[in-house]
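Read off the chains here:
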Amino acid sequence: MYLNCHTYFSMRYGTFSELELLELAQQNQITQLVLTDINNTSACLNFVRKATEYGVRPILGIDFRNDVRPCFIGIAKNNEGYLELNNFLSQHIHEELKIPQRAPRFKDAFVIYPFEQALLNDMQDFLEHEFIGISIHDLRRLPFSGLIKLKNKLVVQQAVTFRNKSDFNAHRLLRAIDNNVLLSKLPKEQEANEDEKMFPIQNLATAFSEYSFILENTEKLLQKCSIHFDFSKGRKPQNLQSYTGSVEEDENLIEKLCHEGLPYRYKVIENSIKNRLNKELKLIKKMGFVSYFLINWDIVSEANRRGFYYVGRGSGANSIVAYLLRITDVDPMELDLYFERFINLYRANPPDFDIDFSWRDRPAMTQYIFERFDHVALLGTYVTFKERGVIRELGKVFGLPAQEIDFLSTGRYTLSQLDDISRLVLKYGALLKGKPNYLSIHAGGILISEKPLHWFSATNLPPKGFPTTQYDMVIAEDVGLYKFDILGQRGLGKIKEALEIISYNQPEKHKEIDIHDIKGFKTDVTINNLIKTAQCMGCFYVESPAMRMLLRKLEVDNYLGLVAASSIIRPGVAKSGMMREYILRHRNKGRAEEKAHPVMLDIMPDTYGVMVYQEDVIKVAHHFADLDLGEADVLRRGMSGKFRSREEFQKVKDKFISNCRKKGYDDTLIFEIWNQVASFAGYAFAKGHSASYAVESYQSLFLRAYFPLEYMVAVLNNGGGFYRSEFYIHDARMMGATIHSPCINNSDVSNRIYKKHIYLGMMYLRDLESRVVERILKERILHGNFVSLEDFLDRVTISVEQLSILIRIDAFRFTKINKHELLWKAHLMLSKNDRLEHPKLFPPRHQKFQIPKLHTTNLETAFEQLELLGFSLCSPFELLAEPLKNSNGQQNLKRYLNKHIDIYGYLITVKNTSTHNGKHMHFATMVDQHGEVFDTVLFPPVAAKYHFRGKGIYRFYGKVVEEFGFLSIEVIKMQKQDYISDPRYADMKTSKKLLKSKS
């Protein structure tokens with residue numbers, strides 16, 4: 001009888017989930033229900049999936065509104081009607097159209113006009129599928145309206161939005177947040193009626209007892225509705241069923257492509273390779289995943305045609321078919337990749353293929369996919385209200401001052417000290433926390449469906465301009481839709497641009513480079529030595545302080561070692577304590593025999609009996625706990641957090657423990673192994689995934705080893721990496737580059753290299769307008785370099801403020817005129833209010849001004865750079881107010897091992913973390929006065945006493961310690977050092993450090 005039910009997917013309006021709606025129906029003996037969220041169908045699929053568990057027959061619809069003003073309700077008679085409703089809603093969302101007051105002629109959907117709307121719009125004539133909705137609240141007015149005559153058109157429309165007073169209060173707060181107003185200023189028309197509640201079916205029947213025909217009409221309408229989606233284990237995938245249009249042709253094509261790929265990938269085609277290929281093809285065909293592989297092949301083939309670099313990773317990299325189709329560059333035979341992680345008979349969903357493109361190429365590939373296939377959408381994901389965000393939103397709604405909101409957001413308060421309003425903010429914050437706030441886009445998921453995607457939900461159109469589903473990945477998989485992951489990353493952009501830079505800076509060497517010669521890179525002594533010594537700055541996935549530390553501790557000098565390290569560094573392995581154990585076993589091969597359980601060592605001999613990869617979870621569950629491969633995969637997926645609440649995960653956990661007990665394992669061992677599984681499975685990589693990362697790492701390491709300056713320019717031009725741009729510039733200087741500040745004649749928007757000279761890009765000048773940069777570059781390309789300030793002003797339209805930035809950064813140094821003189825000239829030649837935006841018809845005659853001789857100092861230049869670029873091009877140690885007390889640096893650490901050292905360091909990066917009992921500590925990476933890198937650690941007692949106060953130079957006193965060959969300093973005392981006063985504003989006579997610039 002309830003035709004108009006809302007969940008919290010009626011965004012910033014509804015207050016509870018679709019499962020709570022079903023619970024409510026069960027409590028009130030409701031056996032059929034229509035879910036009609038406002039302009040949204042996000043909850044529909046899960047509502048249908050779970051309804052039978054609550055004894056409810058699900059029906060789907062949409063409450064069409066303009067803002068909160070009701071227009072009509074559409075109720076799907078069947079799946080075709082649901083498609084109609086989704087098409088209609090999506091068109092209005094995409095084109096930002098208002099919902100009309102009268103519905104279109106739906107073929108397979110009913111339309112219910114709310115009683116109030118029917119009266120306001122003086123509706124008299126209704127089509128066969130159109131009805132008027134009457135709520136309990138409307139019954140008092142019904143007899144006095146002309147609509148009472150339309151007996152066969154009246155149905156029950158008792159909206160359900162709240163369960164209780166608390167829900168109503170939460171609703172009002174959501175409406176205030178949505179309208180960005182104080183709660184006290186929220187207009188009444190922005191709220192729902194407080195009596196929009198569900199009553200037991202008997203109560204509803206009693207309320208309408210005088211109008212039994214309304215109940216009968218409603219029942220007839222409901223009986224004509226039926227919706228079905230297959231959520232069973234044996235459901236068919238809903239992805240595009242055939243790539244060529246025929247399953248048989250698909251199978252022939254994949255076989256043909258694989259056999260064509262064999263000689264490209266393998267010089268000698270052994271029987272083991274043929275057997276693996278036949279085994280995979282047989283299973284891929286049996287599972288119906290052929291089209292899935294071919295679609296991925298189509299995508300990467302197009303990327304190859306366009307010259308786009310990509311990396312295929314994920315569990316799909318465990319497949320020889322993927323390797324032969326060039327979806328991935330990881331050889332599963334070489335790495336003995338576990339095929340069952342990639343695909344098994346118990347697994348309904350196809351393997352994961354994460355295809356990474358350069359962040360610059362990814363939009364073009366996404367566009368291609370939308371144009372190439374018929375039914376395509378981006379996968380949605382919901383951003384929920386988080387604790388701090390809720391406090392800020394509710395703080396504004398309740399009118400709290402900004403300072404109090406900031407204080408509450410820190411969480412450092414005592415409840416008893418808070419006033420009533422602050423307590424209300426916290427109370428309702430807890431109520432809203434976790435509820436959906438707005439629809440966003442999954443990081444890389446794209447759906448390519450056999451049916452129109454509106455068969456499953458309506459779509460939004462976010463700023464990216466591609467239709468986006470109103471449900472997330474978990475629900476998509478439930479209904480049999482499996483995503484294609486098309487991701488963007490900057491590592492590939494760095495590799496691609498580095499090769500472009502080499503082509504103009506060292507053209508003779510560019511022809512010799514084969515960036516895809518991974519086998520050659522793996523055996524290259526120079527590259528492997530970079531890994532062993534952790535000289536990996538700017539290189540994909542191996543440059544962070546934690547990774548450098550791990551590489552040093554493991555003494556990694558080969559590809560397989562790097563594959564393992566790529567997964568060991570993940571949070572789960574580290575948190576379980578197994579990262580340290582792995583290092584110990586790696587450095588002392590006999591330790592594995594002593595410490596590892598024989599079964600674990602037998603399952604994972606390559607990793608010394610330590611779980612390192614996602615496959616290891618499946619192996620342990622299958623071989624150690626006797627779970628079948630399907631159950632093992634449920635366990636692996638359950639660890640990710642997305643499926644943790646699902647019943648199937650709990651059942652598998654219980655079976656894991658009971659099976660181990662049956663095998664006679666001691667509880668201590670069982671729970672030790674279980675905790676290892678539980679602590680890291682959701683964070684570990686598939687081995688193929690790690691191997692893909694390692695391939696890209698080797699490509700970037702090759703470039704760093706043999707073309708370090710070109711590569712570092714590419715790193716800077718692609719947004720840097722783990723560290724600030726300033727540090728990569730420093731690294732380039734350490735490798736022999738001469739660094740120049742932006743120059744009118746030699747700089748572009750991004751950085752540019754000429755042999756060993758790097759000219760910083762104008763992009764670093766934060767206050768320089770992009771349109772000014774465009775004008776300068778366009779004029780220079782068309783008519784050549786500038787020869788003087790006057791020549792520049794004749795050719796480029798620019799304001800005096802923008803020109804001042806260029807002069808101050810010394811972009812006109814080619815004139816050999818002091819920048820102070822140029823600034824005088826600029827102000828004399830340009831009116832402050834000169835806003836001329838078009839070129840001059842005739843070159844003006846310039847006056848010759850008599851300007852006194854001025855000079856600039858190196859320190860003034862350094863402070864100008866600090867202000868305009870964010871960093872100086874001289875050593876920061878030259879800017880210290882007090883001279884250094886010693887010359888200690890990274891090179892001295894070995895001499896001070898287990899002793900105390902006094903050392904200065906310029907802060908590169910600091911990682912703030914917590915111990916297991918919640919105390920704060922810091923790991924900081926520094927550059928010493930000689931330009932070398934060293935690492936420090938501040939344990940909780942020291943971290944509580946000393947704090948890093950932004951970038952700058954710090955003086956440390958601490959103990960040099962060593963762990964597995966990696967040296968670091970355990971800090972005892974720390975003090976930030978002062979820079980000299982800015983000489984641009986200081987008394988010139990008192991500054992002892994002012995030296996005339998040579999230029």
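In this report, we go over the structure that sits alongside the text.

Definitions and cut-offs
- Residues numbered from 1 in each chain as written.
- Predicted model: local features only at pLDDT ≥ 70, side-chain atom pairs only at ≥ 80, totals over all residues.
- Heavy atoms only, no water.
- Helix = DSSP H or I, 4+ residues; strand = E, 2+ residues; numbered from the N terminus.
- Rg over C-alpha atoms; globule rule 2.2 N^0.38 Å.
- Contact = heavy atoms within 4.5 Å.
- Areas by Shrake-Rupley, 256 points an atom, 1.4 Å probe, with all protein chains shown as cover.
- Lys, Arg positive; Asp, Glu negative; His and termini not counted.
- Charge placed at Lys NZ, Arg CZ, Asp CG, Glu CD.
- Pairing = 2+ DSSP bridges.
- Axes fitted to C-alpha atoms, helices over the stretch in contact; angles between N-to-C directions.
- Core = buried A, V, L, I, M, F, W, Y, C linked by side-chain atoms within 4.5 Å.
- Buried < 20%, exposed > 50% of the residue type's maximum accessible area, 1.4 Å probe, protein only.
- Phe/Tyr/Trp six-rings, centres within 6.5 Å; stacked < 30°, edge-to-face > 60°.
- Lys NZ or Arg CZ within 6 Å of the ring centre and 35° of its normal.
- Parallel < 35°, antiparallel > 145°, perpendicular 65-115°, else oblique.
- Nonpolar A, V, L, I, M, F, W, Y, C, P; charged D, E, K, R; others polar.
- Salt bridge = Lys/Arg side-chain N within 4 Å of Asp/Glu carboxyl O.
- Left-handed = near helix turned anticlockwise from the far one by under 90°.
- Expected span 1.5 Å × (residues − 1).
- Arc of directions from axis to C-beta.
- Right-handed = clockwise from strand over helix to strand, strands pointing away.
- Polar contact = N/O pair within 3.5 Å; in protein donor to acceptor, adjacent residues only side chain to side chain.

Another point: the overall build of the chain. Scanning the chain from N- to C-terminus turns up 41 helices and 22 strands. A compact globule built from 999 residues should have a C-alpha radius of gyration of about 30 Å, and the chain, at 34 Å, falls within 12% of that. Contacts in the chain between residues far apart in sequence, at least 24 positions, make up 70% of those at least 6 positions apart. On the chain, roughly 45,200 Å² of surface is accessible, and the fraction owed to carbon and sulfur atoms is 50%. Charge centroids of the chain, computed over 132 positive and 120 negative side chains, lie 5 Å from each other.

On to the sheet that holds strand 15 (residues 738–740). Taken in spatial order, the 3 strands make up an open sheet running 15-17-16, and their pairing is mixed. Each edge of the open sheet carries a strand with a single partner, namely strand 15 and strand 16 (752–754). On average, each strand axis in the sheet is tilted by 25 degrees relative to the strand beside it, whichever way the strands run. Relative to strand 17 (residues 757–759), strand 15 is paired through 3 bridges, and the arrangement is parallel.

Moving on to the sheet that holds strand 22 (residues 966–976). Read around the barrel, 5 strands follow the order 18-19-20-22-21 and close on themselves; strand pairing throughout is mixed. With strand direction ignored, the average angle separating the axes of adjacent strands in the sheet is 50 degrees. Two strands pair when backbone bridges link them, and strand 21 (residues 953–963) and strand 22 are joined in this way by 10 bridges, in the antiparallel orientation. Counted as the bridge partner of valine 960 is isoleucine 969 from strand 22.

Judged by nonpolar contacts, the single largest core of 106 residues is most densely connected at Leu703, Phe792, Leu803 and Leu806. When neighbours within four sequence positions are excluded, leucine 703 is seen to be in contact with Ile495, Ala498, Leu499, Ile502, Ile515, Pro708 and Tyr711. With 75 residues, the next largest nonpolar core counts Leu22, Leu83, Ala118 and Leu439 among its residues.

All right, on to the pairing of strand 22 then. Sheet topology places strand 20 (residues 933–938) next to strand 22; 2 bridges connect them, and they run parallel. Within strand 22, the position partnered with threonine 936 by the bridge is isoleucine 969. The turn linking strand 21 back onto strand 22 is made up of 2 residues, and phenylalanine 964 within it adopts a positive phi angle of 55 degrees.

The description of an aromatic ring pair rests on the distance of the ring centres and on the angle between the ring planes. Per the counting criterion, the structure on display carries 44 aromatic pairs. With 5.0 Å between their ring centres and 85 degrees between their planes, phenylalanine 792 and phenylalanine 812 make a pair best called edge-to-face. In this pair, phenylalanine 792 is assigned in helix 37 (residues 789–795) and phenylalanine 812 in the loop between helix 38 (800–808) and helix 39 (819–829), connecting sequence segments 20 residues apart. Judged by its relative accessible area of 1%, phenylalanine 812 falls in the buried class. Ring centres 6.5 Å apart and planes at 90 degrees place the aromatic pair phenylalanine 934 and phenylalanine 956 in the edge-to-face group. With phenylalanine 934 in strand 20 and phenylalanine 956 in strand 21, this pair connects stretches of sequence that are 22 residues apart. Side by side, phenylalanine 934 and phenylalanine 956 carry an identical accessibility label, which is buried. Chaining the aromatic ring pairs together yields one cluster made of Phe64, Phe72, Phe88, Phe106, Tyr113 and Phe126. Geometry around tyrosine 559 places lysine 522 over its ring, the cationic atom sitting 3.9 Å from the centre.

Attention now moves to the packing of helix 22 (residues 525–532) against helix 33 (residues 687–706). Look at helix 22 against helix 33: their axes get within 9 Å of each other, and the N-to-C directions meet at 105 degrees. By the angle between their directions, the pair helix 22 and helix 33 is classed as roughly perpendicular. Contacts between helix 22 and helix 33 involve Thr526, Ile527, Asn528, Leu530 and Ile531 from the former and Tyr698, Leu701, Phe702, Arg704, Ala705 and Tyr706 from the latter. When its residues are assigned to classes, the contact of helix 22 with helix 33 shows 8 nonpolar, 2 polar and 1 charged.

Here we come to the pattern of salt bridges. Under the criterion given, the structure shown has 51 salt bridges. As a salt-bridge pair, arginine 141 and glutamate 116 come within 2.6 Å of each other at their nearest N and O atoms. One end of the pair, arginine 141, is in the loop between strand 6 (130–134) and strand 7 (154–156); the other, glutamate 116, is in helix 4 (residues 115–120), with 25 residues separating them in the sequence. Taking relative accessible area as the criterion, arginine 141 reaches 37% and is therefore assigned partly exposed. A salt bridge links glutamate 497 to arginine 360; its shortest N-O distance comes to 3.0 Å.

Glancing now at the packing of helix 15 (residues 387–397) against helix 16 (residues 402–410). Where helix 15 contacts helix 16, the two axes come as close as 9 Å, and the packing angle between them is 155 degrees. In this view, helix 15 runs roughly antiparallel relative to helix 16, as classed from their interaxial angle. Crossing handedness for the pair helix 15 and helix 16: right-handed. Side by side, helix 15 and helix 16 meet where Arg388, Ile391, Arg392, Gly395 and Lys396 of the first sit next to Ile405, Asp406, Leu408 and Ser409 of the second. Of the residues belonging to the contact of helix 15 with helix 16, the class tally is 3 nonpolar, 2 polar and 4 charged.

Moving on: helix 36 (residues 770–783). With 14 residues, helix 36 should cover 20 Å at 1.5 Å per step; its first-to-last C-alpha distance of 20 Å lies within 8% of that length. If you check which residues of helix 36 are buried, you get Val772, Val773, Ile776, Leu777, Glu779 and Arg780. End-on, the buried residues of helix 36 take up no more than an arc of 160 degrees, which puts them together on one face. Opposite the packed face of helix 36, turned more than 90 degrees from it, sit the exposed residues Ser770, Glu774, Lys778, Ile781 and Leu782. The inward-facing, buried residues of helix 36 abut helix 37 and helix 38. Directly beyond the C-terminal end of helix 36, a positive phi value near 90 degrees is found at glycine 784.

Once that is clear, we can look at the pairing of strand 1 (residues 2–5). In this sheet, strand 2 (residues 32–38) lies alongside strand 1 in parallel orientation, the contact comprising 2 bridges. For cysteine 5, the partnering residue across the bridge sits in strand 2 and is leucine 35. What joins strand 1 to strand 2 is helix 1 (residues 18–27), and the crossover it makes is right-handed.

Moving on, we come to helix 8 (residues 247–265). In this model, helix 8 (19 residues) spans 27 Å end to end at C-alpha, consistent with the 27 Å of a helix rising 1.5 Å per residue. Looking at the buried side of helix 8, the elements it contacts are helix 9 (271–287), helix 10 (290–306), helix 11 (320–324) and helix 21 (518–522). Here helix 8 starts with a cap whose side-chain oxygen sits 3.3 Å from the backbone nitrogen of glutamate 248, and that cap is serine 246.

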